[in-house]
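Structure at a glance
Residues per chain are reported as follows:
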Amino acid sequence: MESGGTRNMFFSLVIAIWFVLASLSAGVLGDRLIVLKAPPYIHFRDGKWPISGDRIPDLVALTLGFSVEEDLGWPGLQVGSLFHRPRSNVVIVVRGVSELEVAQPEASYPIENAVPISLDGVANTVHSMFSEDTPVVLQLTPSEERIYMVGKANTVFEDLPVTLRQIRNRVFQENSVFNSLMPNSLSRNSEVDLLFLSELQVLHDMTTLLSRHKHLAKDHSPDLYFLEMAGLEEIAKHYGPESDQFKEATQILASQLQKFADNIFSIYNNNSVVEVLTVKTFETPFVRKTRSILESVQISNPGSPYNLAYSYNFEYSVIFNIILWIMIALALAVIVISYNLWNMDPGYDSIIYRMTNQKIRMD
């Protein structure tokens, strides 16, 4: 009897440990990579293969047909067609929730080691390889008022509201998303709710502005979009994850992301990849120095209402080299002339010396 009881206790302990490990693994791998849209020549396999958060930029580069320094080694993405390249890739990071219930995604995978991602490397590759076609590259974080636009994005999204003041005015207009959604528990008078609504407004305005420039979706250069949304995270912190505001905001965001993906897919004629990363919290050892959209607005470039850097002139390198080598030539000329004047011998058949000598003799 004692041996049987000991055996039962042992099995109970093993089962308890297994449940603990399973819950821990579920917490670690709770974040998801959701592929909302993908063209038929890019194959995402059905499975539960986890992907590391720091390899997301490599995945984006591979979907665009670019090579990466280190092999991804992830079975979720199969080798696609060598003769087709998607014309855009859209990556949306949603903070504050582990998973969103979207209707019929292309694929969904768990994320391990969720860290803040940056697509700067992919953006530089796109811009360097297709600089003559000036592709559209847009990276936007409304909660931090950070926007980065390259190429034709400056003309496409010049009317896109990015500061709190601009987005607030946009949300209060008649054709805003608030009037079309009519949420029950969210209000435009709350700063936290306003941040969430502003991000939805940005999604709506992006597709509206892109629909006016559909010719950009037909060029040979791929476009890149990156958007980080923190409004849902702020709602969870302010109202709680079990509140009606958070539940309604989650449902609204899932439906709006699906609508946004459908619009992007239609604008690019079914040649676009749209991915959503849902991250509860970032597992990062360092603290990012950021500024919230709820703080006071301080624009680094007062001449631009979008907090943009000064426009880059593609003839800058040419002008720089001309000025540089002219300055070097002038400096060398001054040095050589000064050296020769300093070491000049007045008695060595010098016109100045002879004229001075004759003048002295005449006196």
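Residues numbered from 1 in each chain as written. Predicted model: local features only at pLDDT ≥ 70, side-chain atom pairs only at ≥ 80, totals over all residues. Heavy atoms only, no water.

1. Focus: the UniProt feature "transmembrane region" (unreviewed entry) in the chain
The UniProt feature table records "transmembrane region" (unreviewed entry) at residues 318–342. This span, residues 318–342, is 100% helix and 0% strand, and a straight line between its end C-alpha atoms measures 36 Å. (UniProt positions renumbered as here; feature names shortened; annotations may be inferred. Helix = DSSP H or I, 4+ residues; strand = E, 2+ residues; numbered from the N terminus.)

2. Some thoughts on the sheet that holds strand S1 (residues 32–37)
Overall, mixed pairing links the eight strands, which are arranged S2-S4-S1-S8-S3-S7-S5-S6 in an open sheet. Both outer strands of the open sheet, strand S2 (51–52) and strand S6 (146–150), are each paired with one neighbouring strand and no more. Of the pairings in the sheet, the one linking S2 to strand S4 (residues 107–112) comprises two bridges and is parallel in character. Across the sheet, Ile 51 pairs through a bridge with Ile 111, a residue of S4. In the packing of helix H3 (residues 120–129) onto the sheet, contacts are made with strand S5 (137–141), S6 and strand S7 (223–229), and the angle to S5 comes to roughly 160°. (Pairing = 2+ DSSP bridges. Contact = heavy atoms within 4.5 Å. Axes fitted to C-alpha atoms, helices over the stretch in contact; angles between N-to-C directions.)

3. As for the packing of aromatic side chains
On inspection of all chains with the given rule, the structure shows two aromatic pairs. Plain terms: the ring middles of Trp 74 and Tyr 109 are 4.7 Å apart, the flat faces sit at 80° to each other, and that makes the pair edge-to-face. In this pair, Trp 74 sits in the loop between helix H2 (56–63) and strand S3 (88–95) while Tyr 109 sits in strand S4, placing the two residues 35 residues apart along the sequence. We classify Trp 74 as buried; its relative accessible area is 9%. The exposure class assigned to Tyr 109 is buried, which follows from its relative accessible area of 0%. Measuring from centroid to centroid gives 6.5 Å for Tyr 225 and Tyr 268, while their planes differ by 70°, and the two rings are edge-to-face. Of the two residues, Tyr 225 is situated in strand S7 and Tyr 268 in the loop between helix H9 (244–267) and strand S8 (272–279); the sequence distance between them amounts to 43 residues. Each of the two residues, Tyr 225 as well as Tyr 268, counts as buried. (Phe/Tyr/Trp six-rings, centres within 6.5 Å; stacked < 30°, edge-to-face > 60°. Buried < 20%, exposed > 50% of the residue type's maximum accessible area, 1.4 Å probe, protein only.)

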